[in-house]
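# Observations on the model geometry
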Amino acid sequence: MPIIHLDGLGDPRLAVYSGMTDSQLRDCPDSAHGLFIGESRKVIERALDAGVRMRSLFMEEKWLDQTMPVVERALAADAEMPVFVATREQFHALTGYEVTRGALAAFERPALPSVEELLAGARRVAVLEDVVNYTNIGAVFRSAAALGIDAVLVTPSCHDPLYRRAARVSMGTVFQVPWTRIGSVRDWATEGVPLLRSLGFA
C-alpha cells in the first residue's frame with residue numbers, strides 16, 4: 001500500500017496541492033481535461049461514486065484512520081496511487097491553510113458533455129448565469145440535488161463548479177447533478193437561449 005509518510009515537501013507530485021492555481025490545474029498538460037482538488041471525505045467519496053479518476057490523496061496524520069475507507073477504495077482502483085501523509089506543520093506549510101474536514105485529493109477533470117447530450121431526457125433544468133461566488137455555486141448545486149433538478153447549465157462567465165470551495169459547499173452534489181457549460185463568452189444568451197428553446201425548454 002503506497003502510503004507515504006512525508007519526511008520533506010520536495011516530492012514534485014505535491015505541487016498540485018500548493019504550487020498551482022485553479023487555472024493552472026485546469027490547463028495541466030499531463031491530463032486530457034485538467035485536474036481539480038477535492039476537499040473532505042464526502043466530496044471525495046461522491047467524486048469516486050461518479051467515476052472520477054483520483055490521482056493522489058494528501059492529508060494530515062490525524063485524518064488517516066478516518067479516511068482509510070476512502071484510501072482502500074482508491075487503492076483498489078489504482079494500487080500505485082500515492083497517498084501522502086503529513087504532519088500538521090508540513091500540511092500547513094504546503095497548503096497555507098487548515099483542512100477541517102479531512103483529506104485533499106487530486107482528480108482528473110472529466111470531459112463535459114454537449115448541451116444536447118446533457119439534456120436528452122431532462123425535464124427540469126437550472127441555468128446559472130454569471131454566478132461568480134463559489135459558495136453560491138455550491139449552494140445552488142446542493143439545492144438542485146434536493147429539488148430533483150435533472151441538469152444544470154453554467155454560462156461561460158460563471159465560476160467553476162469543480163473549484164475546491166464550490167464542490168465542498170455543494171457537499172459533493174456537483175458530482176451527482178449532471179452539468180455542462182452553455183453558450184459563448186461573448187454573448188451566451190444569443191446562442192444558448194435559442195438552443196434551449198429548440199430542445200423544447202420554455
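One structure accompanies this document, and this report is about it. (Residues numbered from 1 in each chain as written. Predicted model: local features only at pLDDT ≥ 70, side-chain atom pairs only at ≥ 80, totals over all residues. Heavy atoms only, no water.)

### Side note on the overall build of the chain
Heads up, the condition is: Strands here mean DSSP runs of E at least two residues long; helices mean DSSP runs of H or I at least four residues long; both are numbered from the N terminus. Taken over C-alpha atoms, the radius of gyration is set against a globule rule of 2.2 Å times the number of residues to the power 0.38. Under the scheme applied here, a residue whose accessible area is under 20% of the maximum for its type counts as buried, over 50% as exposed, and between as partly exposed, the area being computed with a 1.4 Å probe on protein chains only. Whether two residues are in contact is decided by their heavy atoms, any of which lying within 4.5 Å being enough. Using a 1.4 Å probe, the Shrake-Rupley method yields the accessible areas, and only the shown protein chains count as cover for residues. Only four residue types enter the tally: Lys and Arg on the positive side, Asp and Glu on the negative side, with His and both chain ends excluded. A charge is said to be at NZ when it belongs to Lys, at CZ for Arg, at CG for Asp and at CD for Glu.
The number of helices and strands found in the chain is eight helices and eight strands. The C-alpha radius of gyration of the chain comes to 18 Å, within 12% of the 17 Å expected for a compact globule of 202 residues. In terms of overall dimensions, the chain has a C-alpha envelope of 60 × 30 × 25 Å along the principal axes. By residue count, 45% of the 202 residues in the chain fall in the buried class. Intrachain contacts of the chain at a sequence separation of at least 6 include 80% that bridge at least 24 residues. Summing over all exposed atoms, the chain offers an accessible surface of approximately 10200 Å²; the carbon and sulfur share of this is 51%. The centroid of the 21 positive side-chain charges in the chain is displaced by 6 Å from the centroid of its 25 negative side-chain charges.

### Thoughts on helix H2 (residues 41–49)
Note the cut-off: Starting at the helix axis, one direction is taken to each C-beta atom, and the arc is that of these directions.
Among all positions of H2, only Val-43, Ile-44, Ala-47 and Leu-48 are buried. Angular distribution of buried residues about the axis of H2 spans 135°; they occupy a single face of the element. Backbone geometry just downstream of H2 places Gly-51 in the positive-phi region, at approximately 85°.

### A look at unusual backbone geometry
Of note in this structure, Asp-130 is not a glycine but carries a positive phi near 55°. Checked against the element boundaries, Asp-130 lands in the loop between strand S6 (125–128) and helix H6 (134–146). Residue Asp-130 is classed as partly exposed on the basis of its relative accessible area of 37%. With a phi angle near 60°, Met-171 is a residue other than glycine that sits in the positive phi range. Position of Met-171 among the secondary structure elements: in the loop between helix H7 (164–169) and strand S8 (179–181). Judged by its relative accessible area of 37%, Met-171 is partly exposed.

### Digging into the packing of H2 against helix H3 (residues 64–77)
The criterion, for reference: To obtain each axis, a line is fitted to C-alpha atoms, and for helices this fit is confined to the stretch in contact; angles are then taken between N-to-C directions over 0 to 180 degrees. These descriptions rest on fixed angle ranges, namely under 35 degrees for roughly parallel, over 145 for roughly antiparallel, 65 to 115 for roughly perpendicular, and the rest for oblique. For a crossing to be left-handed, the near helix must be turned anticlockwise from the far one by less than a right angle; the clockwise case is right-handed. Residue type decides the class: Asp, Glu, Lys and Arg count as charged, Ala, Val, Leu, Ile, Met, Phe, Trp, Tyr, Cys and Pro as nonpolar, and the leftover types, Gly among them, as polar.
Where H2 contacts H3, the axes come no closer than 11 Å and their chain directions differ by 20°. Regarding the angle of H2 to H3, the classification is roughly parallel. Where H2 crosses over H3, the two elements pack in a sense that is left-handed. Along its contact with H2, which presents Arg-41, Ile-44, Glu-45, Leu-48 and Asp-49, the element H3 presents Gln-66, Pro-69, Val-70 and Arg-73. Its residues assigned to classes, the contact of H2 with H3 shows four nonpolar, one polar and four charged.

### Focus: H3
What counts here: Multiplying 1.5 Å by the residue count of a helix minus one yields the expected span of that helix. Bend at a given residue is defined as the angle between two axes, one fitted to the seven residues that end at that position and one fitted to the seven that begin there.
Across its 14 residues, H3 extends 19 Å between first and last C-alpha, which sits within 8% of the 20 Å expected from 1.5 Å per residue. Where H3 bends most, at Val-70, the angle is about 35°. Regarding H3, the residues found buried are Leu-64, Thr-67, Met-68, Val-70, Val-71, Ala-74 and Leu-75.

### A word on the environment of Ala-146
With respect to the secondary-structure elements, Ala-146 resides in helix H6. Under the relative-accessibility criterion, Ala-146 is labelled exposed at 68%. Sequence-wise, Ala-146 and Val-177 are 31 residues apart; in three dimensions their C-alpha atoms are separated by 9.9 Å.

### A look at the environment of Val-152
Among the structural elements, Val-152 can be located in strand S7 (residues 151–154). Considering only alpha carbons, one finds Val-152 and Arg-181, 29 residues apart in sequence, at a separation of 8.6 Å. Residues contacting Val-152, with those up to four places away along its chain left out, are Leu-118, Ala-126, Leu-128, Phe-141, Ala-144, Val-177, Pro-178, Trp-179 and Thr-180.

### Examining the nonpolar core
Put simply, the rule is: Residue types Ala, Val, Leu, Ile, Met, Phe, Trp, Tyr and Cys, when buried and joined through side-chain atoms within 4.5 Å, form a set referred to as a nonpolar core.
Residues Ile-44, Met-54, Leu-57, Met-59, Phe-107 and Val-152 are the most contacted members of the largest nonpolar core, which totals 38 residues. If one sorts the elements of this core by residue count, H3 sits on top with six residues. In this structure, Leu-6, Leu-14, Leu-25 and Leu-94 belong to the second largest nonpolar core, which totals 15 residues.

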